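Chain and residue survey
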Amino acid sequence: MSTTVEFARMNGLGNKILVVDMRGRPDKVTPAAAVALNADPHTEFDQIMAIHDPKAEGTDAFIDILNSDGSKAQACGNGTRCVVQALAAETGRKVFTFQTVAGILNAVEHENGTISVDMGRPVFDWDKIPLAEEFHDTSRIELQIGPIDNPVLHSPSAMSMGNPHAIFWVDKDVMSYDLARFGPLLENHPMFPERANITLAQLTSPTSLTTRTWERGAGLTLACGSAACSAAVSAARTGRTGRKVTINVASAKPPGTLSIEWRERDDHVIMTGPAEWEWSGRLDPSTGHWSREGTREAEAQ
Ligand SMILES: N[C@@H](CCC[C@H](N)C(=O)O)C(=O)O
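Residues numbered from 1 in each chain as written. Predicted model: local features only at pLDDT ≥ 70, side-chain atom pairs only at ≥ 80, totals over all residues. Heavy atoms only, no water.

Things to note about the overall build of the chain
We count it as follows: Runs of E in the DSSP output that reach at least two residues are strands. Runs of H or I that reach at least four are helices, and both are numbered from the N terminus. A radius of gyration in this sense is built from C-alpha atoms; the matching globule rule multiplies 2.2 Å by the number of residues raised to 0.38. Under the scheme applied here, a residue whose accessible area is under 20% of the maximum for its type counts as buried, over 50% as exposed, and between as partly exposed, the area being computed with a 1.4 Å probe on protein chains only. The contact criterion used throughout is that any non-hydrogen atoms of two residues lie within 4.5 Å. Note on areas: these come from Shrake-Rupley sampling with a 1.4 Å probe, and a residue is covered only by the protein chains present in the view. Positive charges are assigned to Lys and Arg, negative charges to Asp and Glu, while His and the chain termini are left out of the count. Note that the charge is assigned to NZ on lysines, CZ on arginines, CG on aspartates and CD on glutamates.
Helices and strands together make up the secondary structure of the chain, namely 5 helices and 20 strands. Here the C-alpha atoms of the chain give a radius of gyration of 19 Å, agreeing with the 19 Å that 2.2 N^0.38 yields for 301 residues. By principal-axis analysis of the C-alpha atoms, the chain measures approximately 60 × 40 × 35 Å. The 301 residues of the chain split such that 54% are buried. Within the chain, contacts between residues at least 6 apart in sequence are counted, and of these 61% link residues at least 24 apart. In the form shown here, the chain has an accessible surface area of approximately 13,000 Å², with 50% of it arising from carbon and sulfur atoms. Averaging the positions of the 28 positive and the 38 negative side-chain charges in the chain gives two centres separated by 2 Å.

Below, the structure written as structure tokens:
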């Protein structure tokens, strides 16, 4: 078994993704390798999407997801679109079914290059999100940050999109909040026993929102797909919008949007947006040592 595997540096609206091809091997990308890759400015990332051989009949691959701190994530919308684009380019196929620890995901690449992922059903039960306290209605839970009589952020919607999310609705530009300061406090708040992804959302029209996210295990990111799905669901659940919205991801690079539909017939959330390949290389999944294909840098590594 070779010590190195192929990987691609990709992004979904700027969310930094490493797609690692682990097919045909029994080992995994280790947390130590993830931390080492993230420590290098050339390979720093938000999530690793490790593609493994399928474990269940009818699926194309098992996807193992790691955050940049080496922890595991159950879902990654932007990363899933990157995996679809990589496998579509390799195989010429357009339709894929993946398995993750959170369940089965169906995805399709459209003629215009955008990719739709069926992210499944959101979960609202407090103990499944999970929250530390019982809430009958998780569309608006008791939680606030800032002065007690004038909180900066308060009453988020909580849900699981496979992974835990808290959506704080704000009236001002999402970029005007000090999310780098509040993000870690809220991610690690005792209310979230498995930590949480923290999103600020602003309603910009009856069919559009702007979002900005502090990711569990990765920090401030340029974009987060499962957070955009959660914001869309929260918007519909709290009566702010209908079930189809455009999400303007505030810090996306290049600027861009996601279309989200919380489908009426089965409550599945369908996310549609772009993915972009940047460069490819090889890495050692146990140490994170890497080389870039076709460059001198590769030989120097
Ligand atoms: N960037 C992702 C979400 C990543 C997972 C998250 N950090 C977690 O630990 O739950 C996306 O696009 O959904």
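Some points on the pattern of salt bridges
Keep this limit in mind: Whenever a carboxyl oxygen of Asp or Glu lies within 4 Å of a side-chain nitrogen of Lys or Arg, that contact is scored as a salt bridge.
A full pass over the atoms with the stated rule returns 16 salt bridges. The shortest N-O distance in the salt bridge between Arg195 and Asp69 comes to 3.3 Å. A residue pair is termed long-range when its members are at least 10 positions apart, and Arg195 in the loop between α3 (179-187) and β13 (197-205) and Asp69 in the loop between β4 (61-67) and β5 (72-73) qualify at 126 residues. Taking relative accessible area as the criterion, Asp69 reaches 36% and is therefore assigned partly exposed.

Considerations on the UniProt feature "active site" (unreviewed entry) in the chain
Heads up, the rule is: UniProt positions are given in the numbering used here, feature names are shortened, and annotations may be inferred rather than shown by experiment.
As annotated in UniProt, the feature "active site" (unreviewed entry) corresponds to Cys76 and Cys224 in the numbering used here. These residues run over 149 residues, yet every pair of their C-alpha atoms falls within 7.7 Å of each other. Under the relative-accessibility criterion, Cys76 is labelled buried at 6%. In contact with Cys76, not counting residues within four places along its chain, are Ile17, Gln47, Met49 and Ile65. Structurally, the position occupied by Cys224 is in the loop between β15 (219-220) and α4 (225-237). Taking the relative accessible area as the measure of exposure, Cys224 reaches 6% and is therefore buried. If near-sequence neighbours (up to four positions away) are discounted, Cys224 is found in contact with Asn15, Asn78, His165, Thr213 and Glu215.

What to know about the side chain of Ser157
Stated formally: Polar contacts here mean pairs of N or O atoms no more than 3.5 Å apart (in protein, one a potential hydrogen donor and the other a potential acceptor; neighbouring residues in sequence count only if both atoms are side-chain atoms).
Mapped onto the elements of the fold, Ser157 is located in strand β11 (residues 157-160). Note on Ser157: relative accessible area 1%, which makes it buried. A polar atom in the side chain of Ser157 sits 2.7 Å from the backbone oxygen of Ser139. Once you skip the residues sitting within four places of it in the chain, Ser157 turns out to touch Thr138, Ser139, Arg140, His165, Ala166, Ile167, Trp169, Ser234 and Thr238.

Some thoughts on the site of the ligand
Short version of the rule: Throughout this document, a residue counts as near a molecule or strand when at least one of its heavy atoms sits within 4 Å of that molecule or strand. Residues are grouped as follows: Ala, Val, Leu, Ile, Met, Phe, Trp, Tyr, Cys and Pro are nonpolar; Asp, Glu, Lys and Arg are charged; every other residue, Gly included, is polar. Boundaries between domains were set according to an automatic or database domain assignment.
Around the ligand, a shell composed of 15 residues is seen, among which Asn15, Gly77, Glu215, Gly225 and Ser226 lie nearest. Here a nitrogen atom of the ligand sits 2.7 Å away from a polar atom, N or O, in the side chain of Asn15. Isolated, the ligand exposes 360 Å² of accessible area, and the fraction of that covered by the protein chains is 100%. Residue assignment for the shell around the ligand shows that the elements contributing at least two residues are α2 (77-91) and α4. Class assignment of the residues belonging to the shell around the ligand gives a composition of 4 nonpolar, 9 polar and 2 charged. The two domains that each donate at least three residues to the shell around the ligand are domain 1 (5-120 + 276-299) and domain 2 (144-264).

Brief notes about the pairing of strand β16 (residues 244-249)
If a strand is regular, its side chains alternate between the two faces of the sheet. Here is the rule: Criterion used throughout: strands pair if DSSP finds at least two bridges between them.
Taking every second residue as pointing to the same face, the buried face of β16 carries Val245, Ile247 and Val249, while none of Lys244, Thr246 and Asn248 on the other face is buried. The pairing of strand β14 (residues 208-215) with β16 spans 4 bridges and is parallel. Following the sheet pairing, Ser208 is matched in β16 by Thr246. Pairing geometry for β16 and strand β17 (residues 257-262), over 5 bridges, is antiparallel. Along β17, the bridge assignment pairs Asn248 with Thr257.

What about helix α1 (residues 31-39)?
Short version of the rule: In this description, the arc belongs to the directions extending from the helix axis to the C-beta atoms.
Those residues of α1 that fall on the buried side of the exposure criterion are Ala33, Ala34 and Leu37. One side of α1 carries all its buried residues, which in axial view fall inside an arc of 100°. Residues of α1 that are exposed and point more than 90 degrees away from the buried face comprise Ala32 and Ala39. Tucked inside the fold, the buried residues of α1 contact β2 (15-21), β3 (47-52), β4, β19 (276-283) and β20 (290-292).

Quick look at the nonpolar core
Rule in force here: Only buried Ala, Val, Leu, Ile, Met, Phe, Trp, Tyr and Cys residues count toward a nonpolar core, and they belong to the same one when joined by side-chain atoms within 4.5 Å.
Ile63, Val83, Phe98, Ile247, Leu258, Ile260 and Val269 are the most contacted members of the largest nonpolar core, which has 47 residues in total. Sort the elements by how many residues they give to this core and α4 lands first, with 7 residues. Once residues within four sequence positions are removed from consideration, Phe98 is found in contact with Ala61, Ile63, Thr80, Val83, Val84, Leu87, Gly103, Ile104, Leu105 and Ala107. Counting 22 residues, the second-largest nonpolar core is a separate cluster that includes Ile129, Val170, Val174 and Trp214.

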